[in-house]
Amino acid sequence: MLTDSFDRRFSYLRLSVTEVCNFRCDYCLPDGTDCGAEARAQDLTLDEIRRLVAAFAKLGTRKVRITGGEPSLRKDLVDIIRICKATPGIETVALTTNGYRLAKDIDAWHEAGLDALNVSIDSLDHAKFELITGHNKLQQILQGLARAAELGINNIKVNAVLMKHYNDDAMDDFFDFVKARPITLRLIELMRTGDNEAFFNRHHLSGQAIINQLKANHWQERLPGTHAGPAREFWHPDYSGGIGLIMPYSKDFCNTCNRLRVSSQGALFLCLFVDQHQSLRHLLQSDDSQPVMDFLQQAIKGKTISHNLHQQNPGSTRQLAMIGG
Ligand code: SAM
Ligand code: SF4
(Lines give C-alpha, C1' and ligand atoms only; values in the text may rest on other atoms or scores of the structure.)
(Ligands and ions follow the chains in the order given, each with its own letter.)
Protein backbone atom coordinates (compact mmCIF):
# COMPACT_ATOMS: atom_id res chain seq x y z
CA MET A 1 0.00 0.00 0.00
CA LEU A 2 1.29 3.47 -0.85
CA THR A 3 1.90 5.19 2.49
CA ASP A 4 3.43 8.62 3.05
CA SER A 5 5.74 9.91 5.79
CA PHE A 6 2.70 10.89 7.90
CA ASP A 7 1.25 7.36 7.78
CA ARG A 8 -1.55 8.30 5.38
CA ARG A 9 -2.51 5.46 3.03
CA PHE A 10 -3.48 6.07 -0.58
CA SER A 11 -6.05 3.75 -2.09
CA TYR A 12 -7.75 6.28 -4.36
CA LEU A 13 -6.51 7.59 -7.71
CA ARG A 14 -8.08 10.60 -9.41
CA LEU A 15 -7.15 10.37 -13.04
CA SER A 16 -7.71 13.28 -15.38
CA VAL A 17 -8.22 12.10 -18.94
CA THR A 18 -8.31 15.52 -20.62
CA GLU A 19 -7.74 19.18 -19.69
CA VAL A 20 -10.25 20.30 -22.28
CA CYS A 21 -13.74 21.41 -21.23
CA ASN A 22 -16.79 22.67 -23.11
CA PHE A 23 -18.21 24.61 -20.10
CA ARG A 24 -17.07 27.99 -18.84
CA CYS A 25 -17.69 27.80 -15.10
CA ASP A 26 -16.98 31.22 -13.61
CA TYR A 27 -14.72 29.84 -10.88
CA CYS A 28 -12.78 27.44 -13.11
CA LEU A 29 -12.53 28.28 -16.83
CA PRO A 30 -14.48 31.54 -17.27
CA ASP A 31 -13.04 32.00 -20.76
CA GLY A 32 -13.49 28.33 -21.75
CA THR A 33 -10.80 26.22 -23.39
CA ASP A 34 -9.84 25.31 -26.89
CA CYS A 35 -11.67 22.01 -27.49
CA GLY A 36 -9.98 21.30 -30.83
CA ALA A 37 -8.14 18.12 -31.80
CA GLU A 38 -4.75 19.71 -31.21
CA ALA A 39 -5.60 20.50 -27.59
CA ARG A 40 -6.60 16.86 -27.04
CA ALA A 41 -3.59 15.33 -28.76
CA GLN A 42 -1.53 15.36 -25.55
CA ASP A 43 -4.02 13.28 -23.57
CA LEU A 44 -2.86 9.91 -22.21
CA THR A 45 -3.61 7.07 -24.61
CA LEU A 46 -5.64 3.99 -23.67
CA ASP A 47 -2.47 1.90 -23.37
CA GLU A 48 -0.86 4.48 -21.09
CA ILE A 49 -3.99 4.59 -18.93
CA ARG A 50 -4.09 0.78 -18.71
CA ARG A 51 -0.46 0.62 -17.57
CA LEU A 52 -0.83 3.49 -15.11
CA VAL A 53 -3.93 2.06 -13.43
CA ALA A 54 -2.35 -1.42 -13.29
CA ALA A 55 0.71 -0.04 -11.45
CA PHE A 56 -1.43 1.93 -8.97
CA ALA A 57 -3.61 -1.14 -8.36
CA LYS A 58 -0.54 -3.25 -7.58
CA LEU A 59 0.29 -0.69 -4.90
CA GLY A 60 -3.14 -0.93 -3.27
CA THR A 61 -5.31 1.49 -5.24
CA ARG A 62 -8.91 0.26 -5.08
CA LYS A 63 -10.82 3.19 -6.49
CA VAL A 64 -10.26 5.21 -9.66
CA ARG A 65 -12.14 8.41 -10.38
CA ILE A 66 -12.06 9.54 -14.00
CA THR A 67 -12.15 13.31 -14.22
CA GLY A 68 -10.94 16.25 -16.31
CA GLY A 69 -11.48 18.91 -17.85
CA GLU A 70 -14.61 17.27 -19.09
CA PRO A 71 -13.96 13.51 -19.39
CA SER A 72 -17.04 12.89 -21.54
CA LEU A 73 -15.43 14.87 -24.35
CA ARG A 74 -13.17 11.87 -24.89
CA LYS A 75 -14.70 9.67 -27.57
CA ASP A 76 -13.09 6.61 -25.97
CA LEU A 77 -14.47 7.24 -22.46
CA VAL A 78 -16.34 3.91 -22.55
CA ASP A 79 -13.03 2.13 -23.21
CA ILE A 80 -11.35 4.03 -20.38
CA ILE A 81 -14.09 2.94 -17.95
CA ARG A 82 -13.84 -0.65 -19.20
CA ILE A 83 -10.04 -0.70 -18.82
CA CYS A 84 -10.17 0.66 -15.27
CA LYS A 85 -12.90 -1.82 -14.30
CA ALA A 86 -10.97 -4.77 -15.77
CA THR A 87 -7.79 -3.95 -13.83
CA PRO A 88 -7.18 -6.57 -11.12
CA GLY A 89 -7.55 -4.90 -7.71
CA ILE A 90 -9.77 -2.02 -8.82
CA GLU A 91 -13.11 -2.30 -7.04
CA THR A 92 -14.74 1.03 -7.84
CA VAL A 93 -14.71 3.10 -11.01
CA ALA A 94 -16.19 6.57 -10.56
CA LEU A 95 -16.68 9.48 -12.94
CA THR A 96 -16.95 13.23 -12.33
CA THR A 97 -18.70 15.04 -15.16
CA ASN A 98 -20.46 18.30 -15.94
CA GLY A 99 -23.28 16.09 -17.23
CA TYR A 100 -23.30 17.50 -20.74
CA ARG A 101 -23.40 14.02 -22.32
CA LEU A 102 -24.95 12.20 -19.36
CA ALA A 103 -28.43 11.56 -20.78
CA LYS A 104 -26.98 10.23 -24.05
CA ASP A 105 -24.10 8.16 -22.69
CA ILE A 106 -24.98 6.92 -19.21
CA ASP A 107 -26.29 3.57 -20.47
CA ALA A 108 -22.97 2.85 -22.22
CA TRP A 109 -20.90 4.01 -19.23
CA HIS A 110 -22.96 1.80 -16.93
CA GLU A 111 -22.60 -1.16 -19.25
CA ALA A 112 -18.81 -0.63 -19.31
CA GLY A 113 -18.70 -0.95 -15.50
CA LEU A 114 -19.20 2.51 -13.99
CA ASP A 115 -19.95 2.16 -10.27
CA ALA A 116 -20.21 5.74 -9.06
CA LEU A 117 -21.11 9.06 -10.59
CA ASN A 118 -20.59 12.70 -9.54
CA VAL A 119 -22.39 15.35 -11.55
CA SER A 120 -21.62 19.03 -11.04
CA ILE A 121 -24.72 21.18 -10.59
CA ASP A 122 -23.99 24.49 -8.89
CA SER A 123 -27.54 25.78 -9.13
CA LEU A 124 -30.97 24.18 -9.56
CA ASP A 125 -32.22 27.43 -11.06
CA HIS A 126 -32.01 27.24 -14.86
CA ALA A 127 -31.00 30.87 -15.38
CA LYS A 128 -28.34 30.78 -12.67
CA PHE A 129 -27.03 27.47 -13.97
CA GLU A 130 -26.56 29.06 -17.37
CA LEU A 131 -24.98 32.15 -15.82
CA ILE A 132 -22.39 30.01 -14.00
CA THR A 133 -21.57 27.47 -16.73
CA GLY A 134 -22.38 29.33 -19.96
CA HIS A 135 -24.80 26.54 -20.95
CA ASN A 136 -28.56 26.19 -20.73
CA LYS A 137 -28.36 22.45 -20.07
CA LEU A 138 -29.78 21.90 -16.60
CA GLN A 139 -32.89 20.14 -17.88
CA GLN A 140 -30.95 17.54 -19.89
CA ILE A 141 -28.51 17.01 -17.02
CA LEU A 142 -31.37 16.32 -14.60
CA GLN A 143 -32.82 13.84 -17.11
CA GLY A 144 -29.43 12.11 -17.27
CA LEU A 145 -29.29 11.92 -13.47
CA ALA A 146 -32.74 10.35 -13.38
CA ARG A 147 -31.62 7.78 -15.95
CA ALA A 148 -28.51 6.96 -13.88
CA ALA A 149 -30.73 6.26 -10.87
CA GLU A 150 -33.06 4.15 -13.05
CA LEU A 151 -30.08 2.05 -14.14
CA GLY A 152 -29.39 1.25 -10.50
CA ILE A 153 -26.14 3.19 -10.09
CA ASN A 154 -26.41 3.50 -6.35
CA ASN A 155 -23.56 5.86 -5.65
CA ILE A 156 -24.68 9.12 -7.23
CA LYS A 157 -23.54 12.51 -6.01
CA VAL A 158 -24.29 16.05 -7.08
CA ASN A 159 -21.33 18.39 -6.61
CA ALA A 160 -22.12 22.04 -5.92
CA VAL A 161 -19.49 24.68 -5.25
CA LEU A 162 -20.64 27.01 -2.48
CA MET A 163 -20.63 30.59 -3.71
CA LYS A 164 -21.85 33.82 -2.14
CA HIS A 165 -24.32 35.66 -4.41
CA TYR A 166 -24.77 32.56 -6.63
CA ASN A 167 -26.21 29.77 -4.52
CA ASP A 168 -25.90 30.66 -0.83
CA ASP A 169 -29.60 31.60 -0.76
CA ALA A 170 -30.63 28.31 -2.42
CA MET A 171 -29.68 25.72 0.19
CA ASP A 172 -33.32 24.84 0.88
CA ASP A 173 -33.77 23.97 -2.82
CA PHE A 174 -30.71 21.72 -2.68
CA PHE A 175 -31.90 20.05 0.54
CA ASP A 176 -35.35 19.47 -1.01
CA PHE A 177 -33.64 17.93 -4.02
CA VAL A 178 -32.25 15.06 -1.92
CA LYS A 179 -35.42 14.57 0.15
CA ALA A 180 -36.94 11.93 -2.12
CA ARG A 181 -33.83 11.03 -4.14
CA PRO A 182 -31.13 8.67 -2.85
CA ILE A 183 -28.45 11.11 -3.99
CA THR A 184 -25.71 12.71 -1.92
CA LEU A 185 -25.30 16.44 -2.31
CA ARG A 186 -21.63 17.39 -2.08
CA LEU A 187 -21.18 21.01 -1.11
CA ILE A 188 -17.63 22.08 -1.90
CA GLU A 189 -16.02 25.23 -0.54
CA LEU A 190 -14.73 27.38 -3.36
CA MET A 191 -10.95 26.95 -3.56
CA ARG A 192 -8.48 29.62 -4.49
CA THR A 193 -6.49 28.81 -7.63
CA GLY A 194 -3.89 30.79 -9.55
CA ASP A 195 -6.49 32.19 -11.94
CA ASN A 196 -9.48 32.92 -9.71
CA GLU A 197 -8.20 35.28 -6.99
CA ALA A 198 -10.71 38.09 -7.57
CA PHE A 199 -13.62 35.64 -7.95
CA PHE A 200 -12.54 33.79 -4.82
CA ASN A 201 -12.36 36.99 -2.77
CA ARG A 202 -15.88 37.97 -3.84
CA HIS A 203 -17.60 34.59 -3.57
CA HIS A 204 -15.85 32.31 -1.08
CA LEU A 205 -18.13 31.09 1.69
CA SER A 206 -17.23 28.86 4.61
CA GLY A 207 -19.08 25.55 4.85
CA GLN A 208 -19.44 26.11 8.61
CA ALA A 209 -22.52 28.27 8.03
CA ILE A 210 -24.15 25.33 6.20
CA ILE A 211 -23.20 22.90 8.95
CA ASN A 212 -24.90 25.20 11.48
CA GLN A 213 -27.98 25.29 9.26
CA LEU A 214 -27.99 21.47 8.93
CA LYS A 215 -27.63 20.94 12.67
CA ALA A 216 -30.44 23.42 13.37
CA ASN A 217 -32.62 21.32 11.04
CA HIS A 218 -31.76 18.06 12.87
CA TRP A 219 -29.30 16.64 10.35
CA GLN A 220 -26.81 14.36 12.06
CA GLU A 221 -23.15 13.90 11.30
CA ARG A 222 -21.93 10.41 10.44
CA LEU A 223 -18.86 9.09 12.20
CA PRO A 224 -16.09 8.84 9.61
CA GLY A 225 -15.13 5.28 8.56
CA THR A 226 -11.52 4.08 8.91
CA HIS A 227 -10.57 4.87 5.32
CA ALA A 228 -13.00 7.75 4.80
CA GLY A 229 -11.75 10.74 2.83
CA PRO A 230 -11.97 14.36 3.92
CA ALA A 231 -15.73 14.90 3.40
CA ARG A 232 -18.01 15.49 6.42
CA GLU A 233 -21.22 13.50 5.88
CA PHE A 234 -24.70 14.24 7.25
CA TRP A 235 -27.94 12.24 7.27
CA HIS A 236 -31.54 12.89 8.27
CA PRO A 237 -34.26 10.30 8.97
CA ASP A 238 -36.75 12.11 6.70
CA TYR A 239 -34.44 12.30 3.69
CA SER A 240 -33.52 9.54 1.20
CA GLY A 241 -30.33 11.34 0.24
CA GLY A 242 -27.47 12.76 2.26
CA ILE A 243 -25.31 15.85 2.38
CA GLY A 244 -21.52 16.00 2.43
CA LEU A 245 -19.25 18.99 2.88
CA ILE A 246 -15.76 19.39 1.50
CA MET A 247 -14.07 22.11 3.54
CA PRO A 248 -10.42 22.40 2.52
CA TYR A 249 -9.98 25.52 4.66
CA SER A 250 -10.97 23.73 7.86
CA LYS A 251 -8.41 22.68 10.43
CA ASP A 252 -6.90 19.21 9.91
CA PHE A 253 -8.60 18.76 6.51
CA CYS A 254 -5.51 17.09 5.06
CA ASN A 255 -5.15 14.55 7.89
CA THR A 256 -7.54 12.14 6.16
CA CYS A 257 -6.14 12.58 2.65
CA ASN A 258 -6.38 9.24 0.83
CA ARG A 259 -5.98 10.30 -2.82
CA LEU A 260 -3.33 10.91 -5.43
CA ARG A 261 -3.82 12.60 -8.77
CA VAL A 262 -2.46 12.08 -12.25
CA SER A 263 -3.01 14.71 -14.94
CA SER A 264 -4.17 13.99 -18.47
CA GLN A 265 -0.59 14.32 -19.61
CA GLY A 266 0.74 11.78 -17.13
CA ALA A 267 2.05 14.00 -14.33
CA LEU A 268 1.74 12.90 -10.70
CA PHE A 269 0.28 15.57 -8.37
CA LEU A 270 0.82 14.69 -4.71
CA CYS A 271 -1.76 17.37 -3.80
CA LEU A 272 -4.16 19.63 -5.72
CA PHE A 273 -2.09 22.61 -4.68
CA VAL A 274 1.58 21.83 -5.25
CA ASP A 275 4.30 23.96 -6.79
CA GLN A 276 5.73 21.07 -8.74
CA HIS A 277 4.48 17.90 -10.29
CA GLN A 278 6.45 14.99 -11.71
CA SER A 279 5.86 13.39 -15.09
CA LEU A 280 5.77 9.60 -15.19
CA ARG A 281 4.59 9.32 -18.77
CA HIS A 282 7.96 8.04 -19.99
CA LEU A 283 7.45 5.02 -17.71
CA LEU A 284 4.14 4.17 -19.34
CA GLN A 285 5.63 3.10 -22.64
CA SER A 286 6.03 -0.57 -21.69
CA ASP A 287 3.88 -3.14 -19.86
CA ASP A 288 6.44 -3.48 -17.06
CA SER A 289 4.74 -2.00 -13.96
CA GLN A 290 7.81 -2.13 -11.73
CA PRO A 291 9.43 1.18 -12.83
CA VAL A 292 6.11 3.00 -12.31
CA MET A 293 5.70 1.40 -8.89
CA ASP A 294 9.27 2.34 -7.91
CA PHE A 295 8.62 5.89 -9.06
CA LEU A 296 5.42 6.16 -7.00
CA GLN A 297 6.97 4.68 -3.87
CA GLN A 298 9.81 7.16 -4.07
CA ALA A 299 7.60 10.14 -4.94
CA ILE A 300 5.12 9.59 -2.10
CA LYS A 301 7.86 10.39 0.42
CA GLY A 302 7.71 13.98 -0.83
CA LYS A 303 4.05 14.51 0.07
CA THR A 304 3.69 17.36 2.54
CA ILE A 305 1.46 17.34 5.62
CA SER A 306 -0.92 19.97 4.25
CA HIS A 307 -1.68 22.32 1.38
CA ASN A 308 -0.83 26.02 1.75
CA LEU A 309 -4.23 27.44 0.90
CA HIS A 310 -4.41 29.18 4.27
CA GLN A 311 -1.48 31.29 3.16
CA GLN A 312 -3.41 32.09 -0.04
CA ASN A 313 -0.91 29.91 -1.90
CA PRO A 314 -2.51 27.57 -4.46
CA GLY A 315 0.88 26.43 -5.78
CA SER A 316 1.13 26.25 -9.55
CA THR A 317 -2.50 25.16 -10.01
CA ARG A 318 -4.06 27.75 -12.32
CA GLN A 319 -7.51 26.14 -12.27
CA LEU A 320 -8.82 22.73 -11.24
CA ALA A 321 -9.59 21.68 -14.85
CA MET A 322 -5.82 21.14 -15.11
CA ILE A 323 -6.01 18.20 -12.68
CA GLY A 324 -9.65 17.35 -12.17
CA GLY A 325 -10.48 18.76 -8.73
N1 SAM B 1 -15.73 18.91 -15.66
C2 SAM B 1 -16.09 18.00 -14.64
C3 SAM B 1 -17.04 18.63 -13.66
O4 SAM B 1 -17.17 19.85 -13.65
O5 SAM B 1 -17.64 17.88 -12.90
C6 SAM B 1 -14.89 17.42 -13.90
C7 SAM B 1 -13.76 18.34 -13.58
S8 SAM B 1 -14.11 19.62 -12.39
C9 SAM B 1 -12.54 20.40 -12.25
C10 SAM B 1 -14.26 18.67 -10.88
C11 SAM B 1 -14.97 19.36 -9.75
O12 SAM B 1 -14.15 20.45 -9.29
C13 SAM B 1 -16.32 19.97 -10.12
O14 SAM B 1 -17.29 19.53 -9.19
C15 SAM B 1 -16.10 21.45 -9.98
O16 SAM B 1 -17.26 22.13 -9.59
C17 SAM B 1 -15.00 21.52 -8.94
N18 SAM B 1 -14.22 22.74 -8.98
C19 SAM B 1 -13.61 23.32 -10.03
N20 SAM B 1 -12.95 24.43 -9.67
C21 SAM B 1 -13.16 24.58 -8.34
C22 SAM B 1 -12.73 25.52 -7.36
N23 SAM B 1 -11.94 26.55 -7.67
N24 SAM B 1 -13.12 25.33 -6.07
C25 SAM B 1 -13.90 24.27 -5.73
N26 SAM B 1 -14.32 23.35 -6.60
C27 SAM B 1 -13.96 23.49 -7.88
FE1 SF4 C 1 -15.36 22.50 -17.00
FE2 SF4 C 1 -15.71 21.18 -14.76
FE3 SF4 C 1 -14.18 23.40 -14.82
FE4 SF4 C 1 -16.81 23.62 -15.11
S5 SF4 C 1 -15.73 22.86 -13.28
S6 SF4 C 1 -15.25 24.63 -16.39
S7 SF4 C 1 -17.33 21.79 -16.21
S8 SF4 C 1 -13.75 21.47 -15.80
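As a reminder, the structure under discussion sits directly above these lines.
Residues numbered from 1 in each chain as written. Chains lettered and ligands numbered in written order. Predicted model: local features only at pLDDT ≥ 70, side-chain atom pairs only at ≥ 80, totals over all residues. Heavy atoms only, no water.

1. A look at the environment of Thr133
Part 1 of the reasoning: Following the sequence through the fold, Thr133 ends up in helix α5 (residues 126-133).
Part 2 of the reasoning: On the basis of relative accessibility, which here comes to 4%, the residue Thr133 falls in the buried class.
Part 3 of the reasoning: Between the C-alpha atoms of Thr133 and Gly32, which are 101 residues apart in sequence, the distance is 9.5 Å.
Part 4 of the reasoning: Sequence-distant contacts of Thr133, that is, excluding residues within four places in its chain, are made with Phe23, Arg24 and Cys25.
Part 5 of the reasoning: At 2.9 Å, the side chain of Thr133 forms a polar contact with the backbone oxygen of Phe129. (Helix = DSSP H or I, 4+ residues; strand = E, 2+ residues; numbered from the N terminus. Buried < 20%, exposed > 50% of the residue type's maximum accessible area, 1.4 Å probe, protein only. Contact = heavy atoms within 4.5 Å. Polar contact = N/O pair within 3.5 Å; in protein donor to acceptor, adjacent residues only side chain to side chain.)

2. With respect to the pattern of salt bridges
Part 1 of the reasoning: Applying the stated criterion across every chain yields a total of 16 salt bridges.
Part 2 of the reasoning: For Glu150, the salt bridge goes to Arg147, with nearest N and O atoms at 2.5 Å. Of this pair, Glu150 and Arg147 are both found in helix α6 (residues 138-150), 3 residues apart, which corresponds to roughly one turn of the helix.
Part 3 of the reasoning: Overall, the relative accessible area of 60% leaves Glu150 in the exposed class.
Part 4 of the reasoning: Taking the shortest distance from any N to any O, the salt bridge between Arg186 and Glu233 comes out at 2.3 Å. Of the two residues, Arg186 sits in strand β8 (residues 184-189) while Glu233 sits in strand β10 (residues 232-235), which places them 47 residues apart along the sequence.
Part 5 of the reasoning: When salt bridges that share partners are traced, they join Asp47, Arg50, Arg51 and Asp287 into one network. (Salt bridge = Lys/Arg side-chain N within 4 Å of Asp/Glu carboxyl O.)

3. Some thoughts on helix α4 (residues 102-112)
Part 1 of the reasoning: Every buried residue of α4 is accounted for by Leu102, Asp105, Ile106, Trp109 and Ala112. Take α4 and look down its axis: the buried residues cluster within an arc of 125 degrees, on one side only. Opposite the buried face of α4, at more than 90 degrees from it, the exposed residues are Lys104 and Glu111.
Part 2 of the reasoning: Contacts made by the buried residues of α4 are with α3 (77-86), β5 (92-97), β6 (116-120) and α6.
Part 3 of the reasoning: Immediately beyond the C-terminal end of α4, within one or two residues, lies Gly113, with a positive phi of roughly 120 degrees. (Arc of directions from axis to C-beta.)

4. Observations concerning the site of ligand 2
Part 1 of the reasoning: Inspection of the region around ligand 2 gives Cys21, Phe23, Cys25, Cys28, Leu29, Gly69, Asn98 and Ala321 as its neighbouring residues.
Part 2 of the reasoning: Class assignment of the residues belonging to the shell around ligand 2 gives a composition of 6 nonpolar, 2 polar and no charged. (Near = heavy atom within 4 Å. Nonpolar A, V, L, I, M, F, W, Y, C, P; charged D, E, K, R; others polar.)

5. Quick word on unusual backbone geometry
Part 1 of the reasoning: One non-glycine residue, Asp7, lies in positive phi territory at about 65 degrees.
Part 2 of the reasoning: Counting through the fold element by element, Asp7 comes out in the loop between β1 (2-3) and β2 (9-10).
Part 3 of the reasoning: The phi angle at His165 is positive, at roughly 70 degrees, despite the residue not being glycine.
Part 4 of the reasoning: For His165, the location among the structural elements is in the loop between β7 (155-162) and α7 (171-177).

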